[in-house]
Amino acid sequence: MIMHLTTTRISPDWPCQVKTPGSYDWERSAAKWLRELVPSRYAGYPVFVRHPVLLARHAQIQVQNEIRVARTALQTARADLPGLGLHEGVIEHTIKLYAAEVMQLQHIARSVRAVTQALVEANRQP
């Protein structure tokens, strides 16, 4: 039995839910992870099922828009939330939540870029 060991170095941002590029079934694990990042209706489109790199592209766009939304919510919270009748403690908690969400989404965006790059490289292989 000949074992094929991959020498691909993966990014520190590589998601733990996705197998190492070149390993058995890694593209399927990548597609599964990417489907969790996009609205469910997109995940089922046949073109995205057949071409995970397209799903990855859409996930990149989706996550970038989520970052934009979270940043807007963070930047406007102090001005907008008091008008909703919320107490200062709730407002401060919400601001911390939005700040943490922006950081988490930025990490996810880096992970999506790493997976996308690996899928692109895999598609270039003969």
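Rules and cut-offs
Residues numbered from 1 in each chain as written. Predicted model: local features only at pLDDT ≥ 70, side-chain atom pairs only at ≥ 80, totals over all residues. Heavy atoms only, no water. Helix = DSSP H or I, 4+ residues; strand = E, 2+ residues; numbered from the N terminus. Rg over C-alpha atoms; globule rule 2.2 N^0.38 Å. Buried < 20%, exposed > 50% of the residue type's maximum accessible area, 1.4 Å probe, protein only. Contact = heavy atoms within 4.5 Å. Polar contact = N/O pair within 3.5 Å; in protein donor to acceptor, adjacent residues only side chain to side chain. Axes fitted to C-alpha atoms, helices over the stretch in contact; angles between N-to-C directions. Left-handed = near helix turned anticlockwise from the far one by under 90°. Nonpolar A, V, L, I, M, F, W, Y, C, P; charged D, E, K, R; others polar. Phe/Tyr/Trp six-rings, centres within 6.5 Å; stacked < 30°, edge-to-face > 60°. Parallel < 35°, antiparallel > 145°, perpendicular 65-115°, else oblique.

J.: When you look at the overall build of the protein chain in this model, what are you seeing that I'm missing?
T.: Regarding its fold elements, the protein chain presents five helices and zero strands. Listing each helix as α and each strand as β along the protein chain from the N terminus yields α-α-α-α-α. In terms of C-alpha radius of gyration, the protein chain reaches 19 Å, well past the compact-globule figure of 14 Å for 126 residues. Based on the C-alpha atoms only, the size of the protein chain along its principal axes is roughly 65 × 30 × 20 Å. The burial tally for the protein chain puts 32% of its 126 residues in the buried class. Long-range contacts, defined here as pairs at least 24 residues apart, represent 56% of the contacts in the protein chain between residues at least 6 apart.

J.: Looking at this model, I keep getting lost on the side chain of Asp13. Mind explaining?
T.: Position of Asp13 among the secondary structure elements: in the segment before α1 (26-35). Looking at Asp13, its side chain comes within polar contact range of the side chain of Arg110, at 3.4 Å. What Asp13 contacts, discounting residues up to four positions off in sequence, is His107, Arg110 and Ser111.

J.: Please explain the packing of α1 against helix α5 (residues 88-124) as it appears in this structure.
T.: Two numbers describe a pair of packed helices, the interaxial angle and the distance between the axes. The interhelical angle for the contact between α1 and α5, taken along N-to-C directions, is 145°, at an axis separation of 11 Å. The hand of the α1/α5 crossing is left-handed. In this structure, α1 uses Trp26, Glu27, Ala30, Trp33 and Leu34 to contact α5, whose residues at the interface are Ile108, Ser111, Val112, Val115, Ala118, Leu119 and Ala122. Tallied by class, the residues present in the contact of α1 with α5 amount to ten nonpolar, one polar and one charged.

J.: Help me understand the side chain of Ser29, please; the structure alone is not making it clear to me.
T.: Of note, Ser29 is situated in helix α1. With a relative accessible area of 13%, Ser29 lands in the buried category. Reaching out from Ser29, the side chain makes a polar contact with the backbone nitrogen of Lys19 at a distance of 2.9 Å.

J.: So what exactly am I meant to see when it comes to the environment of Val18 here?
T.: Here Val18 is to be found in the segment before α1. Counting along the chain gives eleven residues from Val18 to Ser29, while the straight-line C-alpha distance between them is 5.1 Å.

J.: Mind showing me how you'd approach the packing of aromatic side chains here?
T.: Aromatic ring pairs are described here by two measures, namely the spacing of the ring centres and the angle between the planes. Under the defined criterion, the tally for this structure stands at four aromatic pairs. When the centroid spacing of 5.6 Å and the interplanar angle of 85° are considered together, the rings of Tyr42 and Tyr45 count as edge-to-face. Consider the rings of Tyr45 and Phe48, whose centres lie 6.3 Å apart with planes at 45°: the pair is tilted. Among the residues examined, Tyr45 registers a relative accessible area of 38% and is labelled partly exposed. Given a relative accessible area of 13%, Phe48 falls into the buried group. Through a chain of ring-to-ring contacts, the aromatic side chains of Tyr42, Tyr45 and Phe48 assemble into a single cluster.

J.: Sorry, what's going on with the packing of α1 against helix α4 (residues 52-80) here?
T.: Running from N to C, α1 and α4 cross one another at 30°; their axes reach a closest spacing of 10 Å. By the angle between their directions, the pair α1 and α4 is classed as roughly parallel. Crossing of α1 against α4: the hand is left-handed. On α4, the residues touching Ala31, Leu34 and Arg35 of α1 are Pro52, Leu55, Ala56 and Ala59. Looking at the contact of α1 with α4, its residues break down into six nonpolar, no polar and one charged.

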